[in-house]
Amino acid sequence: MNRKKLVSLIEKGESLTVEFKQRFSEYNKIAKEFIAFANTKGGTILFGIDDDGSVYGVESEKSEMELIKETFQNYCEPKIEYEISYNDLDNKEIVCVEIPESKNKPHRIQDYKSNLDLNTAQVYIRVNDKSVLASKEMIKILQSRSNEQILKNYSINKNEKIVFEYLEENDFITAKHLSRLANISSRRASRTLINLVRAEILAIHTNENGEDFYTNMK
């Protein structure tokens, strides 16, 4: 990363694709950020920059690099692609970690299980300028997108029609809304909405509390 781009990122502040870290903290906390970027749109993490954009620099470029590499190697599953670069800013060393959006989602905190367990997997996604725990529904969507499992010739039934009618008058719908409106279980409501996302009829979103909601595709 060149100096001009680095300064521009700092000036714009944290966002969906940018995160500041004054220093390396705990492995799992840093792995959470790496995973969230890989599972969403990709992004850049700048070590040596405080949340407000203040430039602190890192104490040791080499030590920071080793901690970062160890996090990618031992705390993320499956492995995540990344690039590390360094920049001198105000005579202070900044470590830049760039992570592309993954084609092998969902990534999770390493749990040493051969397969992803929906009940225990710690999968993170990026929402605005925060990394949040993904719901089971979001994990299923990430899996289907990675496997290119788009539903074709999807049948529109009673529950789907209720969704469409509700969205004509409202900006979004949740599984709780659909469960109540259609008098069906939360699990069935969730499955209906997930299928509509897989059919590319609805879009799924997550708020900063980790709750999912669904809207019409734009």
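Which residues make up the overall build of the protein chain, and what are the values?
Scanning the protein chain from terminus to terminus reveals seven helices and 10 strands. In terms of principal-axis extent, the alpha carbons of the protein chain reach across some 65 × 40 × 25 Å. Per-residue burial for the protein chain yields a buried fraction of 45% across its 218 residues. Of the contacts made within the protein chain by residues no fewer than 6 positions apart, 61% connect residues no fewer than 24 positions apart. In the protein chain, which carries 32 positive and 35 negative side-chain charges, the distance between the mean positions of the two groups comes to 7 Å.

Which residues make up the packing of aromatic side chains, and what are the values?
For the coordinates displayed, the defined rule picks out six aromatic pairs. Aromatic pair Y27 and Y75: ring centres 4.8 Å apart, planes at 0°, arrangement stacked. Residue Y27 is located in helix α2 (residues 27–39), and its partner Y75 is located in the loop between α3 (61–74) and β3 (76–77); the two are separated by 48 residues in the primary sequence. Classification of Y27 by relative accessible area gives partly exposed; the value is 23%. Owing to a relative accessible area of 24%, Y75 belongs among the partly exposed residues under this scheme. Where F72 meets Y82, the ring centres are 3.8 Å apart and the plane angle is 0°; that geometry is what we call stacked. Of the two residues, F72 is situated in helix α3 and Y82 in the loop between β3 and β4 (83–89); the sequence distance between them amounts to 10 residues.

I'd love a proper account of the sheet that holds strand β5 (residues 92–99), names of residues and values included.
Overall, mixed pairing links the four strands, which are arranged β1-β2-β5-β4 in an open sheet. The open sheet has two edge strands with one neighbour each: β1 (18–21) and β4. Looking at each pair of strands side by side, their axes are set apart by 20° on average, direction ignored. Pairing of β4 with β5 involves seven bridges; the strand directions are antiparallel. Paired with D88 across the two strands is E93, which belongs to β5. Seen against the sheet, α2 touches β1, β2 (43–47) and β5 and runs at an angle of roughly 155° to β2.

Describe in detail the nonpolar core, supporting the description with residues and values.
Residues I125, V163, I173, L178, L193, L202 and Y214 are the most contacted members of the largest nonpolar core, which totals 26 residues. Per-element tally for this core: the top contributor is helix α7 (residues 186–198), with five residues. With residues near it in sequence (within four places) discarded, I173 still touches V163, Y166, L167, L178, L193, F213 and Y214. Judged by nonpolar contacts, the second largest core, of 20 residues, contains I30, F34, A36 and V95.

Could you give an account of the side chain of E19, naming the residues involved and the relevant values?
In this fold, E19 is placed in strand β1. Within the structure, the side chain of E19 is placed 2.6 Å from the side chain of R126, a separation counted as a polar contact. The contacts of E19, once residues within four sequence positions are left out, are E14, E33, F37, T44, I45, L46, R126 and D129.

Mind laying out the pattern of salt bridges, listing which residues take part and the relevant values?
Any two side chains of opposite charge can pair if their charged atoms end up close together. A full pass over the atoms with the stated rule returns 11 salt bridges. K29 is the partner of E26 in a salt bridge, and the nearest nitrogen-oxygen pair spans 3.9 Å. E26 sits in the partly exposed class, given a relative accessible area of 48%. Of the charged contacts in the structure, one is a salt bridge between E208 and K130, with a shortest N-O distance of 3.7 Å. Taken together, the residues span a long stretch of sequence, with E208 in the loop between β9 (202–206) and β10 (212–216) and K130 in strand β8 (residues 130–133) at a distance of 78 residues. For E208, a relative accessible area of 38% corresponds to the partly exposed category. Take K130: its relative accessible area is 38%, and that puts it in the partly exposed class.

So, how was this worked out
Each chain has its residues counted from 1, following the order in which its sequence is written. Since the coordinates come from a predicted model, pLDDT governs what is reported: local features require at least 70, and pairs of side-chain atoms require 80 or more to be given and counted, while whole-chain, interface and lining totals use all residues. Hydrogens and water molecules were not included; the side-chain quantities draw on all heavy atoms of the structure. Numbering of helices and strands runs from the N terminus, with a helix taken as a DSSP run of H or I at least four residues long and a strand as a DSSP run of E at least two residues long. Exposure is judged per residue with a 1.4 Å probe applied to protein chains only, and the accessible area is read against the type maximum: over 50% gives exposed, under 20% gives buried, and values in between give partly exposed. In this analysis, two residues are considered to be in contact whenever any of their non-hydrogen atoms come within 4.5 Å of each other. The charge count treats Lys and Arg as positive and Asp and Glu as negative. His and the chain ends do not count. Every charge is mapped onto a representative atom, which is NZ of Lys, CZ of Arg, CG of Asp or CD of Glu. Pairing of aromatic side chains here covers Phe, Tyr and the six-membered ring of Trp, requires ring centres within 6.5 Å, and sorts the geometry by plane angle: under 30 degrees stacked, over 60 edge-to-face, intermediate tilted. For two strands to be treated as a pair, DSSP must find no fewer than two bridges joining them. The axes used here are C-alpha line fits, helices contributing only the stretch in contact, and every angle between their N-to-C directions lies in the interval 0 to 180 degrees. Definition of nonpolar core: a set of buried residues of the types Ala, Val, Leu, Ile, Met, Phe, Trp, Tyr and Cys, connected through side-chain atoms within 4.5 Å. Under this definition, polar contacts are N or O atom pairs within 3.5 Å; protein pairs additionally need one hydrogen-donor-capable and one acceptor-capable atom, and for neighbouring residues in sequence, both atoms have to be side-chain atoms. Any carboxyl oxygen of Asp or Glu within 4 Å of a side-chain nitrogen of Lys or Arg constitutes a salt bridge here.

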